[in-house]
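# Inside the fold
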Amino acid sequence: MKYAFPYLLIIFGMVSLQTACKESPKKVVKTEPITFSKEGTLELYKADTDSLITRLDIEIAETEYETQTGLMYRDAMAENQGMLFIFPDEAMHSFYMKNTKIALDIIYIDSDLRIASFQENAVPMDENSLPSQVPVQYVLEINAGLSQKWLLEVGDRISYKKD
């Protein structure tokens, strides 16, 4: 009988804890939408005429985290916006659309700032690999369909400047 009291306390504590867990409301975590943050300007030029095709405001992905995240979790991007990925060296690169809600054209650019290859109309949320096909140092992501609208071709070039 002298040991009954501690057992009753333990049982009472477990019942109280179980009841508290069942009754506590679930917390809903609200996150702010990720918005575009202009970090530079990029211009696209035709290879054969050197004429300006278009000018874009760009976000720049340089750190490992920025490169890994890219345009994930965004709901939209304006036609005059894009994201430029800058890698330290020219190499084969592959992207995928995991957690990316926006259909994109992915433009692979070599170390001479010339378009080397494309992946057009990348499907949102698709985890299939979208490789560069050749070594590149830069990647530009723009809204799907703009590569065709602007008649971009392998050999066209870019120039960019950071703000």
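This report concerns the structure included in the present document. From a predicted model like this one, the values you see are computed outputs, not experimental measurements.

## Overview of the sheet that holds strand E2 (residues 52-61)
- Taken in spatial order, the seven strands of this open sheet run E6-E5-E8-E3-E2-E1-E9, and their pairing is mixed. With partners counted over all chains shown, the strands left at the sheet margins are strand E6 (115-122) and strand E9 (157-162), one partner each. The mean inter-strand angle of the sheet, taken between neighbouring strand axes irrespective of direction, is 30 degrees.
- Here five bridges tie E2 to strand E3 (residues 81-91), and the two strands are oriented parallel to one another. Across the sheet, residue isoleucine 58 finds its bridge partner in E3, namely glycine 82.

## Some details on the packing of aromatic side chains
- Tallied over the full model, the rule gives four aromatic pairs.
- Seen from their ring centres, phenylalanine 95 and tyrosine 108 are 6.1 Å apart, and the 75 degrees between their planes marks the pair as edge-to-face. Placement of phenylalanine 95 in strand E4 (residues 94-95) and of tyrosine 108 in strand E5 (residues 104-109) is noted, with a sequence separation of 13 residues between them. Each member of the pair, phenylalanine 95 as well as tyrosine 108, is classed as buried.
- Above the face of the tyrosine 45 ring, arginine 157 is positioned so that its terminal group lies 4.2 Å from the ring centre.

## Structural notes on the layout of surface pockets
- Put simply, the largest pocket is a space of about 240 Å³.
- If one sorts the elements of the lining of the largest pocket by residue count, helix H2 (residues 64-69) sits on top with three residues.
- The residue makeup of the lining of the largest pocket, split by class, is eight nonpolar, seven polar and one charged.

## Comments concerning the pattern of salt bridges
- Counted according to the given criterion, the structure contains nine salt bridges.
- Between aspartate 163 and lysine 38 there is a salt bridge, with the nearest N and O atoms lying 3.0 Å from each other. One end of the pair, aspartate 163, is in the segment after E9; the other, lysine 38, is in the loop between helix H1 (4-23) and strand E1 (40-45), with 125 residues separating them in the sequence.
- Assessed through its relative accessible area of 60%, aspartate 163 is described here as exposed.
- What you see here is one network of salt bridges that share partners, running through Lys46, Glu153 and Asp156.

## Re the pairing of E2
- Relative to E2, E1 runs antiparallel, the two sharing six bridges. Looking at the pairing, glycine 40 lines up with isoleucine 58 of E2.
- Remark: six residues form the turn of the hairpin made by E1 and E2, two consecutive strands paired antiparallel; aspartate 50 in that turn has positive phi of roughly 60 degrees.

## Observations concerning the side chain of arginine 74
- One can find arginine 74 in the loop between H2 and E3.
- A polar contact is formed between the side chain of arginine 74 and the side chain of glutamate 59, at a distance of 2.5 Å.
- The residues touching arginine 74, leaving out its near neighbours within four places in the chain, are Ile34, Thr35, Phe36, Glu59, Met83, Lys101 and Ile102.

So, how was this worked out
Residues numbered from 1 in each chain as written. Predicted model: local features only at pLDDT ≥ 70, side-chain atom pairs only at ≥ 80, totals over all residues. Heavy atoms only, no water. Pairing = 2+ DSSP bridges. Helix = DSSP H or I, 4+ residues; strand = E, 2+ residues; numbered from the N terminus. Axes fitted to C-alpha atoms, helices over the stretch in contact; angles between N-to-C directions. Phe/Tyr/Trp six-rings, centres within 6.5 Å; stacked < 30°, edge-to-face > 60°. Buried < 20%, exposed > 50% of the residue type's maximum accessible area, 1.4 Å probe, protein only. Lys NZ or Arg CZ within 6 Å of the ring centre and 35° of its normal. 1 Å grid on protein atoms, 1.4 Å probe; cavity = no way out; pocket = protein on both sides within 12 Å on 5 of 7 lines; lining within 4 Å. Points joined across faces, edges and corners; volume = space filled by probe spheres on them. Nonpolar A, V, L, I, M, F, W, Y, C, P; charged D, E, K, R; others polar. Salt bridge = Lys/Arg side-chain N within 4 Å of Asp/Glu carboxyl O. Polar contact = N/O pair within 3.5 Å; in protein donor to acceptor, adjacent residues only side chain to side chain. Contact = heavy atoms within 4.5 Å.

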